[in-house]
Amino acid sequence: MKNYDINLHVKGQSLFVDDISLPVGTLHAAVFTAPASRGLVRQFDFSEALAMNGVEKILTASEIPGQNQIGHVIHDEPLFAREEFEYQGQPLALVIAKDVNTARQAVKKIRLEFDPLPAVLDPREAFDKGQIIGKKRVFSCGNVDEAWENCKYIFSGRVESGPQEHLYLEPQGAIAIPMESGRIRIISSTQSPSAVQKTVAVVLGVALNQIEVDVMRLGGGFGGKEDQANAWAAMAGLACKKLNKPVKLILSRPVDMAITGKRHPYSSDFKIGLNDELKILAYEVQYYQNAGAYADLSPAILERTMFHMTNSYFIPNVRGTGVSCKTNLPPNTAFRGFGGPQAMFVLESAVFEAARQLKVSSMEIQKKNLIAEGESFPYGMKLKNNNVQNNFFIALQRYNLDAKLKKVLKFNEENANIKKGIAVMPVCFGISFTSTFLNQANALVHIYNDGSVGVSTGAIEMGQGVSEKLRMVASNVLSISPERIRIESTNTARVANISPTAASSGADLNGHATRIACEQLRDRILKAIPAFTKLPEEGKYLIQEEKLFHDGSETSLDWESMIGLAYRNRIGLTAQAHYATPDIFFDKEREKGIPFAYHVTGTGILEITLDCMRGTFQMDAVELVHDGGKSFVPLIDKGQLEGGVLQGISWMTMEEVVYSDKGKNLTNMLSTYKIPDMFSVPGEIRIHFPEADVYPDGILGSKAIGEPPFMYGIGIYFAILNAMLGFNPAMQVKYDAPLTNEKILTGLYNK
Ligand code: MTE
Ligand code: HPA
Ligand code: MOS
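Residues numbered from 1 in each chain as written. Chains lettered and ligands numbered in written order. Predicted model: local features only at pLDDT ≥ 70, side-chain atom pairs only at ≥ 80, totals over all residues. Heavy atoms only, no water.

Caption draft 1: Just the overall build of the protein, in detail. Per the secondary structure count, the protein includes 19 helices and 30 strands. Taken over C-alpha atoms, the radius of gyration comes to 27 Å for the protein, in line with the 27 Å a tight globule of 751 residues would show. When its C-alpha atoms are laid out on the principal axes, the protein stretches across 80 × 80 × 50 Å. Counting all 751 residues of the protein, 61% fall into the buried class. Surface summary for the protein: the accessible area is close to 29000 Å², and the carbon and sulfur share equals 51%. Put simply, the protein has 77 plus and 82 minus side-chain charges, and the middle of one group is 2 Å from the middle of the other. (Helix = DSSP H or I, 4+ residues; strand = E, 2+ residues; numbered from the N terminus. Rg over C-alpha atoms; globule rule 2.2 N^0.38 Å. Buried < 20%, exposed > 50% of the residue type's maximum accessible area, 1.4 Å probe, protein only. Areas by Shrake-Rupley, 256 points an atom, 1.4 Å probe, with all protein chains shown as cover. Lys, Arg positive; Asp, Glu negative; His and termini not counted. Charge placed at Lys NZ, Arg CZ, Asp CG, Glu CD.)

Caption draft 2: Fine view of helix α17 (residues 634–653). Compared with the 28 Å implied by 1.5 Å per residue over 20 residues, the 28 Å span of α17 between its first and last C-alpha is a close match. Taking burial as the measure, the 20 residues of α17 include 14 buried ones, the bulk of the element. (Expected span 1.5 Å × (residues − 1).)

Caption draft 3: Structural context of the site of ligand 1. Ligand 1 sits among 19 residues. The nearest are Gly 221, Phe 222, Met 462, Gly 506 and Gln 640. Between an oxygen atom of ligand 1 and a main-chain N or O atom of Phe 222, the distance comes to 2.9 Å. Taking Gln 640, its side chain carries an N or O atom lying 2.7 Å from a nitrogen atom of ligand 1. The fraction of the free accessible surface of ligand 1 (520 Å²) that becomes covered by protein chains is 92%. (Near = heavy atom within 4 Å. Polar contact = N/O pair within 3.5 Å; in protein donor to acceptor, adjacent residues only side chain to side chain.)

Caption draft 4: Seen up close, the sheet that holds strand β21 (residues 541–544). Pairing in this open sheet of 3 strands is antiparallel, and the strands run β21-β22-β23 from one edge to the other. Of all strands in the sheet, those with a lone pairing partner are β21 and β23 (553–558), marking the two edges. Going from strand to strand, the sheet's axes swing by 35° on average, the running direction of each strand aside. Strand contacts of helix α15 (residues 506–532): β21 and β22 (547–550), with the helix running at about 125° to β21, the strand carrying the most contacts. Across the sheet, helix α16 (residues 559–568) is in contact with β21, β22 and β23; its angle to β23 comes to roughly 60°. (Pairing = 2+ DSSP bridges. Axes fitted to C-alpha atoms, helices over the stretch in contact; angles between N-to-C directions. Contact = heavy atoms within 4.5 Å.)

In structure tokens:
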């Protein structure tokens, strides 16, 4: 039950876009991008680039046969800027050459004359100038304005959270291959083959059925290839159409890091009110989302921020306001958690601030406000099938929090320059795409007449193990060995109208579609069997571990002979199925509804040791109680938990994207952008699934796992603050992530 791809990965045999054998005559492309954050194009000088040996052509916006448009949620983004460019790194032209080095060298020879325009990088400044994308969102419940009167304590503050680079191991890229009668076949590293298909079709001005997109697997996506794989495929497709030759475009790592969008930075204001018993009575929050230059998925991400503004708590009076602000940075995009982490960081900061001023522990406030089953979130949905309070108390008990806190106190008394800190982080994350229509999937299952099985769905394998999960589903329903089952590439000609593999729902949606298709095949075969064997009509047939059973007793038929017979008797051995998550809806006028199939909940405890002479820290332990339903591939789910937490921890502490005041990304290499390494991994990671209860709405009783663990990582911020306050109780506390070593060190010694 290991990840399907592991053996291939370890041997270096997995095929990524860059590993595909190319047809003879394939050309290579490289992108010329804007050298400043905003400006008006006066004129290009391509002469030096075109004079280079091996350069075939340079394409700009004027050569696009269809629309120069790649925006999906809002149609605001050109494939190539034509008159005005709006961020540093925005594509302006594409060089096509005989080999990749020539193409990349030629890009450097292009000269652009432009008139610089003033740029805005800060979301609040953009907001003040009226630069808003989409509409302002207001989610509320109760009556906040009246509630303040009943609050004994009121605190307010400002919270900043920074961008995060996806750093998928495989950079963005695509290959376009010309087929007959103008059709184009695209091989892409995308989480959303249908979005790639649509973008290429729109840019070329052709119907969707002229474009076939095929995806074997990704070397990671993390949301960075939900919308931002489209442009490169469209460029390769455009060049392919123009030159009638296969064209390959892969971004180099520094270019990928410099020009693609990141996790959205947010700047937020909060106000929180509590009564005598530390019950939170009122919470008000404003989010300024830094969207970058174009909409991309920003409105959907802002919406998920709104859904998660109260995290795991019940707060009776809430008003949250969110705006997506247009700035002159690369368009920011989906990233694990999709706006949820940003909202949770603000609330946990508010809770920490209240606790600090009231001189109690954050846990005292957290514990008193956890949402109970039947209580509502501000968007109207009630919590069900989840025991948030149980998770929290089991975590506290199981991991002996009281004893740990005493130990930390003692340690901090005994050590002057080394301090320990602990924080507890509850997480409650909604599962389903917030855009309701995306919650659907298709599966196409073939049983070949030797008994082997091929499964096609819309799911994209990107390291999260969805292929292995689908194999388990098919194996489970057909009751055959997983060895017989192959998960095919994701291909728009086999499965159409694919939702992105995102929102943690890849396994749920595609798993249910696969389950239904396999059930159809199984039932069809079982029903037909008596007609072409000497077995009786009546009675109950069932396949168990590749054997046919009749009324509980084993027959002489096994899987292969059954399939051979079915085929010769002309029983269809292919099934297609569609699945749509039932009973979800959302009314955007009222901002109320049931947007999620369910919630995933849990609690993390994070413990660190801080070296107060250096500002460096060590992760001692991360301990989780995570309600994941009944996991049917525990090794994969454990991997998702561990990887997710670490990615969250590093977002909060070390990953720092720095833009110059001119909007240039100064951290586009691993020498300037710090990611976690072996030494950043927590000394101990303990994971407990509170009740291995079958979760009926999930697939095979499990719950979605991809994104929720990321948010346990947020606790690290408060564990570090606690250690810092142990060293310098008079310290000025800031909520400004990432809390890098430099910020820790200066914070420790401020007065
Ligand atoms: N795990 C790995 N190894 N690589 C990835 O790119 N993406 C994450 C998560 N886990 C990712 C990952 C994100 S952002 C999502 S939404 C889910 O996986 C998507 O896959 P799922 O829906 O199958 O869980
Ligand atoms: N998550 C990820 N991607 C999405 C979502 C979501 O909730 N909604 C639309 N695209
Ligand atoms: Mo994940 S951010 O929904 O791809």
